[in-house]
Amino acid sequence: MKKKTIIIAAVAVIAAAAIAVAVVKARGEKPLEVQTAEAGLQQVVQKVNATGKVQPKTQVKISADVSARIMRLGVKEGDRVEQGQFLVELDREAYLAAVESAQANVRSAEATAKLVQESMLQAEREFKRAAEIVRLKLDSQARLDEAEAAYKVEVARYEAALGDAARARASLKQSKDSLSKTSIYAPMAGVITELRREQGEIAIGSQFQEDVILVISDMSEMEVQLDVDENDIVAVALGDVADIEVDALPGRKLSGRVYEIANSAKSANGQAQAQSQTQKTEFLVKVAIAEPPEELRPGMTAAADIVTDTKDAALSVPVQCVTVRTLEQLKGDDKGEGKGKQEAAGVPAANADDGAGGFKADEDGFVQIVFVLEDGKAVARQVETGLQGENLLEITSGLKAGETVISGGYRAISRDLKNGARVEVNNEAKDKAEKA
């Protein structure tokens, strides 16, 4: 009885193990659950995305041309000014004194020139009389030579005096110009967007050193200065339309147009990039904002989608449908069926005899494919692509309109799916996601 019980128990264990193996095997052969989409003619819009700052198209930095203390500020930040309006008055006492001194120098130089002129005229008369006397042979040639030399000396003195007077007048002109620069007026109409100095501070006037007192901006014409990656800049062209979103204006979309593209790259600090190869390479692109709202302020952060190309009826599929495989991954899965299907879809089977079913790898060893649903199987199809939009990717060869392609899940397309694998379509998850 005990022996019989042991045998029954052993049989039960073996049966359970067999069932477990069968269940595991069945689970291993269960088709992958996927979602599908239809290849069709749709509008594909290719865009380049970039971020940047809002700035006025026209902005003038006001600096002093002469060094002096700021005595009076006629504006404050946020004020609107008109062209020619008073802005800043600098201490003018030293420059007034310089003008008075220059005026005195001019009077002195002109008086000296007048005296030298009289001496020159007298020497000229003496020279003429000597010439007449010598002509009448009443005096020697030496007398004439002496008078001529004296006359030439006076001419040279007069020319030097005229030069001194001219230099004095030029110095006076320069002094008056410096005096006039102690009062600063608006060169254009606009808004005071920055005020960097206060009354009583020293303005360091120099033509070679920027010392900004205030900034005037024309707020009627605004732009976004974008930093575009080097991989995208080749697609951007003058006149491209852009959709702009400003962080400070949520929910509002502005439109603009590219009007300037930098010819050289910029570095992280905004200067021309030449020395470092480790920095991110970007190019400055300026987009003029159409009808800028009054709420825009210089320095606001913005993002823009620049439309670089559009096709209204392009054969396309969702972006996630396209993936890559190596020839090794495709070999053996295709069962020799790939050649005919590739040719039927318009893709030449260039490598039909290499054991990869007509797939041809690129220089990096990858094949760009989509999985087409055929008789419950995911069949790899090599494709060539064109424009890439936000959600759609143009297929230029390898597919026909109306064919059903695998669109999800991501892991299945990118890794798990094999050429010819059986699949189970479940689009309910996709529909729920789209509705959400």
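The preceding data block contains the structure.
Residues numbered from 1 in each chain as written. Predicted model: local features only at pLDDT ≥ 70, side-chain atom pairs only at ≥ 80, totals over all residues. Heavy atoms only, no water.

Draft legend 1. Spotlight on the overall build of the protein. Across its full length, the protein holds 8 helices and 22 strands. Put simply, the protein has 436 residues, and 35% of those count as buried. Of the contacts made within the protein by residues no fewer than 6 positions apart, 76% connect residues no fewer than 24 positions apart. For the protein, the computed accessible surface area is about 25800 Å², with 50% contributed by carbon and sulfur atoms. (Helix = DSSP H or I, 4+ residues; strand = E, 2+ residues; numbered from the N terminus. Buried < 20%, exposed > 50% of the residue type's maximum accessible area, 1.4 Å probe, protein only. Contact = heavy atoms within 4.5 Å. Areas by Shrake-Rupley, 256 points an atom, 1.4 Å probe, with all protein chains shown as cover.)

Draft legend 2. Geometry of the pattern of salt bridges. Scanning the entire structure with this criterion turns up 25 salt bridges. Between Arg169 and Glu110 there is a salt bridge, with the nearest N and O atoms lying 3.1 Å from each other. Residue Arg169 is found in helix α3 (residues 141-180), and its partner Glu110 is found in helix α2 (residues 93-135); the two are separated by 59 residues along the sequence. Overall, the relative accessible area of 40% leaves Arg169 in the partly exposed class. Assessed through its relative accessible area of 36%, Glu110 is described here as partly exposed. With its nearest N and O atoms 3.2 Å apart, the salt bridge here joins Asp416 to Arg411. The class of Asp416 is partly exposed, set by a relative accessible area of 30%. On the basis of relative accessibility, which here comes to 52%, the residue Arg411 falls in the exposed class. A single network of salt bridges, built from pairs that share partners, joins Glu126, Arg129 and Arg143. (Salt bridge = Lys/Arg side-chain N within 4 Å of Asp/Glu carboxyl O.)

Draft legend 3. Fine view of the sheet that holds strand β7 (residues 183-185). Ordered in space as β7-β6-β4-β9, the 4 strands form an open sheet in which the pairing is antiparallel. Each edge of the open sheet carries a strand with a single partner, namely β7 and β9 (202-203). Inspection of the sheet shows strand β6 (residues 86-90) paired to β7 by 3 bridges, in the antiparallel sense. Bridged to Glu89 within β7 is Ser183. (Pairing = 2+ DSSP bridges.)

Draft legend 4. Quick peek at unusual backbone geometry. Omega for the bond connecting Gly408 with Gly409 falls within 30 degrees of zero, at -5 degrees, which places this linkage in the cis form. If you trace the backbone, Gly409 turns up in the loop between β21 (404-408) and α7 (410-416). Although it is not a glycine, Glu291 sits at a positive phi angle of roughly 50 degrees. Turning to its location among the elements, Glu291 is positioned in the loop between β14 (282-289) and β15 (301-318). With relative accessibility at 77%, the residue Glu291 sits in the exposed group. The phi dihedral of Asp375 falls on the positive side, at around 55 degrees, and the residue is not glycine. Note that Asp375 resides in the loop between β17 (366-374) and β18 (377-382).

Draft legend 5. Fine view of the packing of aromatic side chains. Scanning the entire structure with this criterion turns up 2 aromatic pairs. Between Phe86 and Tyr185, the aromatic rings sit 6.0 Å apart at their centres with planes inclined by 70 degrees, giving edge-to-face as the arrangement. Here Phe86, found in strand β6, pairs with Tyr185, found in strand β7; they are 99 residues apart in sequence, far enough to count as distant. With centroids separated by 6.0 Å and ring planes inclined at 0 degrees, the aromatic side chains of Phe127 and Tyr151 adopt a geometry described as stacked. In this pair, Phe127 is assigned in helix α2 and Tyr151 in helix α3, connecting sequence segments 24 residues apart. The exposure class assigned to Phe127 is partly exposed, which follows from its relative accessible area of 22%. Take Tyr151: its relative accessible area is 21%, and that puts it in the partly exposed class. The aromatic ring of Tyr259 is capped on one face by Lys57, whose charged end is 4.4 Å from the ring centroid. (Phe/Tyr/Trp six-rings, centres within 6.5 Å; stacked < 30°, edge-to-face > 60°. Lys NZ or Arg CZ within 6 Å of the ring centre and 35° of its normal.)

This is a description of form; function is not addressed.
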